[in-house]
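# Chains, contacts and geometry: an overview
The chain contents come next:
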Amino acid sequence: MLLPIVLWGSKPPSHSISCLFISRDDKVVISGSSEGQLLVNDVFSSAIVPRCFLLGHSAEVIGIEQLQTGLNSLHIASASVAGEIFKWNVSDGSFMLSTSLQGPLTKIKVLPSSYHLLVCGQYGTMTILDAVTLEIRHYLVPSDPTHWVLCHAIFQPPKTKDEEVVCLTLNGQVKTWHIQSESKEKYILESESKMLNAPGPKSLCYNPRSLYNCLVVCDNAWRIYRAGDFVLLCTESSNKDSPWRGGAFYQLDKVLLWKENGSFHIYKLPCRAIRPVNHTDSKMAAEPPICIYKVALSGNERCTVLYKKSMRTPHDIILRGSYVDGSLALWKRNREILIDEEGLGEASEADYRGSWPDTVSNIVNAECERCCDRVEVSASTTLDPLYYVACGLNTGLIVVGTIYSLMSRALFNMKDSSYVALRGHTSRVNCLLYPHSMDVGSYGENLLYSGSDDFSVKIWDWQRETILQTFTVHSGPVVKFLIPPSNTAGRLRGSVISVCDDHTVAVTKHNQTEPLFFAPCHHTAIMEIRWRHSEDIVLVQCTDDTVYVWGLSTGHLDRIEHGAVALNVLNPGTPSVESQPNVLKVQPPGTSFPKETNGMSVVPFRFSNNDFVSHMVVFDTELLLHLLSQLQGTLPESADGETPVNPKGNHAINFDSIKRRMRTELVRERKASIKKQTETTKMLEERSFIITPTGEDGKESDVTGSESGDDNSSRVVVTRPESIRDSCTVLLSCLHAWGVDLNIDRTCLKHLGLFSPSQEIHYGTISSNSTFMLMVPGWEHNMEKQTPNTVYRPYGRWCISSTLTTQHLLTVSALANKQMSTDLTLSFNHHVKSLAMNKDNMSVEREELLRQSINESEKKAGWSHVTALHCIVLPEHVPSGYCSPLLPHLAIKWQDRCMEVREAAQALFLRELRRIGFAGRQQLVGRWYPYIVRKRDATAPEPVEKLQPLDMPVVPDYLKNLLNSPQKSVSSVSLEDEEVPSDFYSVSVIILGVVVAEFGDEVEVKRTEVSPDKRDIARSSFLLTYDMLRMVGAHLFGQLTKPLSQLALHSPIRRASVDLIGRGFSVWAEFMNLTAVLMTLVELQTDPTVSLEIKKAIAQSGNIPATGNKERLAAAATVRAAYQACILIANQRPQQSINALSKEILTFKCDVEAGLSVQSVSSFPSSYHVILDKGRYPVYLLVQNVIEKTKARDLVPVLVKIVETMLFCIDVEQFKTRTLGELIPSLTKNPLIDYCSTTQQVAVGSVEGLVHVFDIRNGKCTPLHCHSAPTSAVTFSANGRALVTFSDAEGKVSIWQSSAGLLSLMSAGPLKLSRTVEALPPLKNGSRNAIFKWEAPKLVSLYTVDGTKKSFGL
């Protein structure tokens, strides 16, 4: 779960508008740019407010279209020149799915009837994509594919669902295709075509009012044609100042045209162009079109215009966007009023660059003692994935600091000096390179390269703040750094390539004073560099496709190639895999997402070369929790190796043992630190550093151990920080709901160490590694201006996106719970070490430990309040527009491997279910239940790929790994409009399973017998009816037993199914086979990848290791879920569970005694022999929990089966050294059970009056008919030769003795009834709680609860 926080800077990024879009409800305007991003704007009556950027496209956006969606969501499709087609949920700000087509695209349009996407590019064939899955449905094949389509229109004949696609090609030819509504043909051939005198067509549209004429706009003229046969009706040429760009029918007799520079004209058409006339003259009519209104703009500024007829109001909307500054202008005019001299009226304008707040901070808060003026970041790079970032400024200064220190200064206005200032450049820094992160073996980690507008390349030792080399071979700004291929050897190994704006290339090295290679004379910009070590040449490809061949060793220009020869030089034959690493591409700027994130990392990005650099600080929630668990794992173990002491409990602390252990540990740490100081190279290999300021004496030791002659040179010391805690502190400070509860805010500042933000924080979401949603600064302030009655600050963040709400609430809740336990653990470690170091001040340290415990309790209460605020009471504080968490995401996290995330997801899920009430839960069930109905066989669900898609979108790509299934999965949803995927079957089962498990009293557990006319009324009072409940239960068990080919064994979905079966088994019991459920859960606990120690820890505390191999941790999480589900089922159905296990064990014993092997019997249907053979320990834990948690009187009917099951699970060898009381302490407390260690026999009384004697050595059971009423107590003599039993209902004592034989000294013979004695009056009801006590070897006494004592001799 990655959470980005954006530091934009005071200068807004570029946004050159290339296409525009208005939603059908006229509330949202989206502009696509040539840089590849989408800007989402909210439309109000008097203003347009920018909301967020959607990043993902790598090239210019050429079209945006709205897809068919629900009532409260807006789904769009966007296409770029590079062939990318993305699907977005604009209402939630999330990416849904994408596809890519070969070749550059030019247009995209939605078919009005089916809402499929019609896509055309720079090729003859057009493509129709499915609106749900973006899969190709049809190809529109032309008769002559040599000319590609420039524009197209969709014509739908009246009273039919068929569609006609009409397009204009590059050579001015019109082509048509007829698409039937239910056509399944893959290839649709062209219907007809005709050549028109319309070169360079820009747009084509039909008159929606008459369907008589159509408008064709070309570069130099626009024309009106008759729709049927394309006969020219009228035309109008363009002036030379700017060509036409597009047009549309404004009214029946008027057209709206706009030009390249954004000026638009309204023309009145002649009669001939409006309706048919009597004469049949096909020449141009004498009456020309008349321009009745125009909005002219001076200059050649490129603009994009969009015209739309409002569907909500009788208005015409004209939207214009500037390519230069990204500004928008919107005209809205009532179409029923004729255009007069006032024209279209005033426009609602929006300039997001002009409204960008000046107070927006970048990552370098330059208000420090070294920088007085506010500066901007012009280049940036990360020196380490976790801690360091280097920022080049527009003033020439380079600032290096930790992410924590820079963010603290930027967001929380914290003054510190933990940074390095590198001075040397006199102008703007354009590029930075830290080569050690790309090639560890060739470059030192202290090297930093910088290129500037002062034409110089500088190589820094950033740890010492010194310049190693300066190169001024370029005659222009240095714009890019590259490193040679990894197979480079010799003198070029460890060098760096610099690319200059004057089209020169230089190769420099930090230990050389002159460039190793310099290549000038390139006429255009450099696009690609290829190394040919075998031929000793370097190939430089430019943007004009010219290839320059340079000698690698000589540095001389060998030749220049053009055209086809240049292509042959670049790719001689088929390029091999070995040659690919030798290709270095000079890529344009953009978002470079890190391959690995370590808790908190920085992603520098910018949209164009002219922009300053913005930064995205990305937090990895799961990794932070993992690192905190490692910190918590430093808790010292107790002397006996058992579970560590829990500081939250009331355990006594053995200070002496702790002192001895900690002294040994501190001595070991001291020796390691001395060794580390002597080995400087090993110290520099550490990945976690922090820069500290100069000491009091003004001197510091050299990092590398060498001495410097300049005593005044500034140096830094590299030490190890608590960066993990700092990352969590920054993240919680950014995500906490400040201003909602002032008391909690004061607690956070005083006790929890959080920081209050000094300015607006800009959040975002990451849908995949290349798609982002980033909030625009000032959105909350602008929204409050447009909606005076609505309060957005400080609640605006929770009204933006359901995805954002889900991620933030999960993160805050999980981290707060983890911080609570980590604070306690680290505080305990601190005091333990202090006690070990101070032997003489034990009393003082104990008092200090007591005082600190009070502070720890305040911290614990503070973190609890933070968790409760975000998990429970937050929706009550948000005035309106609260975006509720996404239930599918929470369902997937229901059994997350991380304990904190799992608990937070469950708490949020249940909070949402309670918040929406009974009516909301009914709506939720009605939304998700249809996906279960589509399954025919619950025990063997059909593969997900075979499901037929519905009109629903699919889930983001980053959720596919969580689902662990071959399905495409589904998008994020909210309660108001939950958009689910066509194949989202697993999540629907989990959601409905949670509803049933937690709200079992609202479902119809037993079928209600009512008359048919009242059946619907009775159903409305339940969330799920009896039939629905039965189907959900069957499918939930199907998820549990789903084959590995469809669902991973340790998938969160399977674990959630396990958990929900255990939680709600009181409801599922009627629909599930108890034996099958228990055996399946036992089988999950027999995973060989989970060690016995971990299984024991799960049984004792329910905890699994926080660190280790991910696969093993997932297996441990599955074992824990299965164990907890078994315990829940056994506690709800103790007798039934014991009966089911005993039956299978009896079958297993009978088959084994018959001579059948376990493997042969396991092939029989419904055989659990292999599971029982491997799952003795899980069964033992299950029965032991039943004994401990169930009342003794409830266990009497199955007591014999309990003992039989426990003896099956325990190894016989254990009884040679341990007694039954040591192995099963809870059993020996029952008066109906007694164990003789001499003969290794167990006697168990039953309600039938029988006493079963189990011989552990041979595994046989002998029933003795002692009483005709239930047995109340049993006891063995010390030598095992006598057995005494008592029955309350009879009031009799039966004495059984074994006859002495030849082997009497070694063992007792079979027991025989010696006599029966009337001990007490019969008791029909109740119990005397009688017990036996041996007074002498041959004298036993019977004691009752009322004090009665009866003695009997043998």
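Structure's up top.
Residues numbered from 1 in each chain as written. Predicted model: local features only at pLDDT ≥ 70, side-chain atom pairs only at ≥ 80, totals over all residues. Heavy atoms only, no water.

### Overview of the overall build of the protein chain
A count of helical and extended segments in the protein chain gives 30 helices and 64 strands. The buried share of the protein chain, taken over its 1354 residues, is 55%. Restricting to contacts in the protein chain with at least 6 residues of sequence separation, those with at least 24 account for 56%. Carbon and sulfur atoms make up 51% of the accessible area of the protein chain, which totals about 58,700 Å². (Helix = DSSP H or I, 4+ residues; strand = E, 2+ residues; numbered from the N terminus. Buried < 20%, exposed > 50% of the residue type's maximum accessible area, 1.4 Å probe, protein only. Contact = heavy atoms within 4.5 Å. Areas by Shrake-Rupley, 256 points an atom, 1.4 Å probe, with all protein chains shown as cover.)

### Describing the pairing of strand β11 (residues 117-121)
Within β11, five of the five residues are buried, leaving the element largely enclosed by the surrounding structure. With burial as the criterion, each face of β11 is covered, one bearing L117, V119 and G121 and the other bearing L118 and C120. As judged from the five bridges shared by strand β10 (residues 105-110) and β11, these two strands associate in the antiparallel manner. Bridge pairing links I108 to V119 in β11. Hairpin connection between β10 and β11: a loop of six residues separates the two successive antiparallel strands, and Y115 in this loop has a positive phi of roughly 60 degrees. Direction of pairing for β11 relative to strand β12 (residues 126-129): antiparallel, over a ladder of three bridges. Opposite L118, over in β12, you have I128 as the bridge partner. Counted between consecutive antiparallel strands, the loop separating β11 from β12 contains four residues. (Pairing = 2+ DSSP bridges.)

### Observations concerning unusual backbone geometry
For L134, which is not glycine, the phi dihedral falls at a positive 60 degrees. For L134, the position within the fold is in the loop between β12 and β13 (136-141). A positive phi angle is found at E465, which is not glycine, with a value near 60 degrees.

### Some thoughts on the pattern of salt bridges
Applying the stated criterion to the full structure yields 31 salt bridges. Across the pair E912 and R915 runs a salt bridge, and its minimum N-O distance is 2.8 Å. Of the two residues, E912 and R915 are both situated in helix α12 (residues 899-928); the distance of three residues between them amounts to about one turn of the helix. Among the residues examined, E912 registers a relative accessible area of 3% and is labelled buried. According to the relative accessible area criterion, R915 is partly exposed, its value standing at 36%. Of the charged contacts in the structure, one is a salt bridge between R1257 and D1255, with a shortest N-O distance of 3.5 Å. (Salt bridge = Lys/Arg side-chain N within 4 Å of Asp/Glu carboxyl O.)

### Remarks on the nonpolar core
Counting residues in hydrophobic clusters, the biggest one holds 199 residues, and the most contacted among them are M407 and L1081. Broken down by element, this core gets its largest block of residues, twelve residues, from helix α22 (residues 1110-1132). Excluding residues that lie within four positions of it along the chain, L1081 makes contacts with L1040, V1058, A1122, A1125, C1126 and I1129. (Core = buried A, V, L, I, M, F, W, Y, C linked by side-chain atoms within 4.5 Å.)

### Here's the deal with the sheet that holds strand β32 (residues 388-393)
Taken in spatial order, the four strands line up as β31-β32-β33-β34 in an open sheet, and their pairing is antiparallel. Two strands in the sheet have a free side with no partner beyond their single neighbour: β31 (377-381) and β34 (419-422). Across the sheet, the mean angle separating the axes of adjacent strands is 20 degrees when strand polarity is ignored. Summarising the sheet, strand β33 (residues 398-402) and β34 pair through four bridges and their orientation is antiparallel. (Axes fitted to C-alpha atoms, helices over the stretch in contact; angles between N-to-C directions.)

### Some remarks on the side chain of S33
Turning to its location among the elements, S33 is positioned in strand β3 (residues 28-33). Overall, the relative accessible area of 0% leaves S33 in the buried class.

### Here we look at the state of the cysteines
Two cysteines, two sulfur atoms, one covalent bond between them: this is a disulfide. If you walk through the whole model with that rule in mind, you get zero disulfides. Free cysteine C218: the closest other cysteine sulfur is in C151, separated by 7.8 Å. (Disulfide = S-S within 2.5 Å.)

### Examining the packing of aromatic side chains
One pass over the structure, following the stated rule, counts 25 aromatic pairs. Taken together, a centroid distance of 6.0 Å and an interplanar angle of 45 degrees make the contact between F605 and F607 tilted. Classification of F605 as buried rests on a relative accessible area of 2%. Summarising the aromatic geometry, the rings of F1215 and Y1235 are spaced 6.0 Å apart at their centres and angled 45 degrees between planes, so their arrangement reads as tilted. You can see F1215 sitting in the loop between α28 (1199-1209) and α29 (1220-1223) and its partner Y1235 sitting in strand β54 (residues 1233-1236), a full 20 residues away along the chain. You can call F1215 buried: its relative accessible area is 5%. With relative accessibility at 14%, the residue Y1235 sits in the buried group. Here the aromatic residues W8, F53, W356, F605 and F607 are joined through ring pairs into a cluster of three or more. (Phe/Tyr/Trp six-rings, centres within 6.5 Å; stacked < 30°, edge-to-face > 60°.)

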